[in-house]
Amino acid sequence: GASRRGSGEVQITTVEMFVGDDDTPVRRCRTGDRVRLKLSYQADKAIPQPVVGIEIEALGGTTVTAPTTRDVGLVPTTIRGSGALDVGLPWIDLLPGTYDLHTSITDFNRAHVYDNLHLAMRFDVMTGKPYETGGLVTLRPEWELDGLDP
């Protein structure tokens, strides 16, 4: 199950996943889907320059990606009270399998952990487009068969 560590001044309270324009939370999507993650939080006091991150891990422990708000220069001056952040994933390049989503909130320097929610959500990716049979992600190959009949 989920486990949490950190000082706790701010915590991720819920994590939801939505596919396309549907407002119904789900725990599965398809390769190629447009996905939105909604991370709700509660801050007991004002937290200066928090860095929010997600980590997607394949079942078995391989980290597929671990982006943060700091990576893209989107660090709020402060957060307080309750609120939510959306993470848009315009094209899921994950191949079919089961994945774990972890969340974190740290200070700007990533030295102090306010909240780290391990196993915030487990979700499944089903076959979609493009179709591939091996690996964790698609690189969207464009094959050319010069002079060969397909």
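Here we summarise the structure given alongside this text. (Residues numbered from 1 in each chain as written. Predicted model: local features only at pLDDT ≥ 70, side-chain atom pairs only at ≥ 80, totals over all residues. Heavy atoms only, no water.)

1. Description of the nonpolar core
One recurring pattern in soluble globular proteins is that nonpolar side chains are buried together. To keep things clear, this is the line we draw: What makes a nonpolar core is a set of buried Ala, Val, Leu, Ile, Met, Phe, Trp, Tyr and Cys residues whose side-chain atoms join them at distances within 4.5 Å. Three labels apply to residues, based on accessible area from a 1.4 Å probe with only protein chains included: buried if under 20% of the type maximum, exposed if over 50%, partly exposed otherwise in between. By definition, any uninterrupted DSSP run of H or I lasting at least four residues is a helix, any uninterrupted run of E lasting at least two residues is a strand, and each is numbered from the N terminus. It only takes one pair of heavy atoms within 4.5 Å for two residues to be counted as in contact.
In this structure, Val10, Leu37, Leu101 and Phe123 are the most contacted members of the largest nonpolar core, which totals 28 residues. Within the residue set of this core, elements represented by two or more residues are strand 2 (10–19), strand 4 (35–48), strand 5 (51–58), strand 7 (78–89), strand 8 (97–106) and strand 9 (113–126). Among all residues touching Leu101, those that are not within four sequence positions of it are Val15, Leu37, Ile54, Glu55, Ile56, Leu119, Ala120, Met121 and Phe123.

2. Notes on the sheet that holds strand 2
What counts, and what does not: Each pair of strands is called paired provided DSSP finds at least two bridges between the two strands. The axes are straight lines fitted to the C-alpha atoms, using for helices just the contacting stretch, and the angles between their N-to-C directions are given from 0 to 180°.
Spatial strand order, 2-4-7: three strands in an open sheet with antiparallel pairing. Two strands lie at the open edges of the sheet, namely strand 2 and strand 7, each paired on one side alone. Neighbour to neighbour, the strand axes of the sheet diverge by 15° on average, direction disregarded. Bridging between strand 4 and strand 7 involves 11 bridges; their strand directions are antiparallel.

3. Details of the pairing of strand 5
Counting buried positions along strand 5 gives seven out of eight residues, so the element sits mostly inside the fold. Linking two consecutive strands that pair antiparallel, namely strand 5 and strand 6 (residues 63–65), is a turn of four residues; a positive phi of about 115° is found at Gly60 within it.

4. A closer look at empty space enclosed by the protein
The test is simple: Cavity: a set of points on a 1 Å grid over the protein atoms alone where a 1.4 Å probe fits but cannot get out. Pocket: an open set with protein on both sides within 12 Å along at least five of seven lines, its lining residues, like those of a cavity, having an atom within 4 Å of a point. Grid points are joined across faces, edges and corners, and a volume is the space filled by probe spheres set on the points. Put simply, Ala, Val, Leu, Ile, Met, Phe, Trp, Tyr, Cys and Pro go in the nonpolar bin, Asp, Glu, Lys and Arg in the charged bin, and everything else, Gly too, in the polar bin.
Tallied over the full model, the rule gives one cavity of 30 Å³ or more. Quantified by volume, the largest cavity comes out at close to 40 Å³. Lining the largest cavity are Met17, Val35, Leu37, Ile56, Leu89, Ile92, Leu94, Leu101 and Phe123. Broken down by class, the residue content of the lining of the largest cavity amounts to nine nonpolar, no polar and no charged.

5. Considerations on unusual backbone geometry
Look at the link from Lys129 to Pro130: it is a cis peptide, with omega at 0°. Structurally, the position occupied by Pro130 is in the segment after strand 9. Phi angles above zero are rare outside glycine, and Leu119 is one such case at about 65°. Counting through the fold element by element, Leu119 comes out in strand 9. Even without a glycine there, the phi angle at Arg140 is positive, about 55°.

6. Here's the deal with the environment of Asp115
Using the following cut-off: What qualifies as a polar contact is a pair of N or O atoms within 3.5 Å, subject to a donor-acceptor requirement within protein and to the restriction that residues adjacent in sequence count only when both atoms come from side chains.
Considering the arrangement of structural elements, one finds Asp115 in strand 9. One polar contact links the side chain of Asp115 to the main-chain amide nitrogen of Ile12, over a distance of 2.9 Å.

7. Considering the layout of surface pockets
The calculated volume of the largest pocket comes to roughly 210 Å³. Lining the largest pocket are 14 residues; nearest its centre among them are Val52, Thr68, Thr69, Asp86 and Val87. Counting only elements with at least two residues in the lining of the largest pocket, the list comes to strand 5 and strand 7. With five residues, the top contributor of residues to the lining of the largest pocket is strand 7. Grouping the constituent residues of the lining of the largest pocket by class yields nine nonpolar, four polar and one charged.

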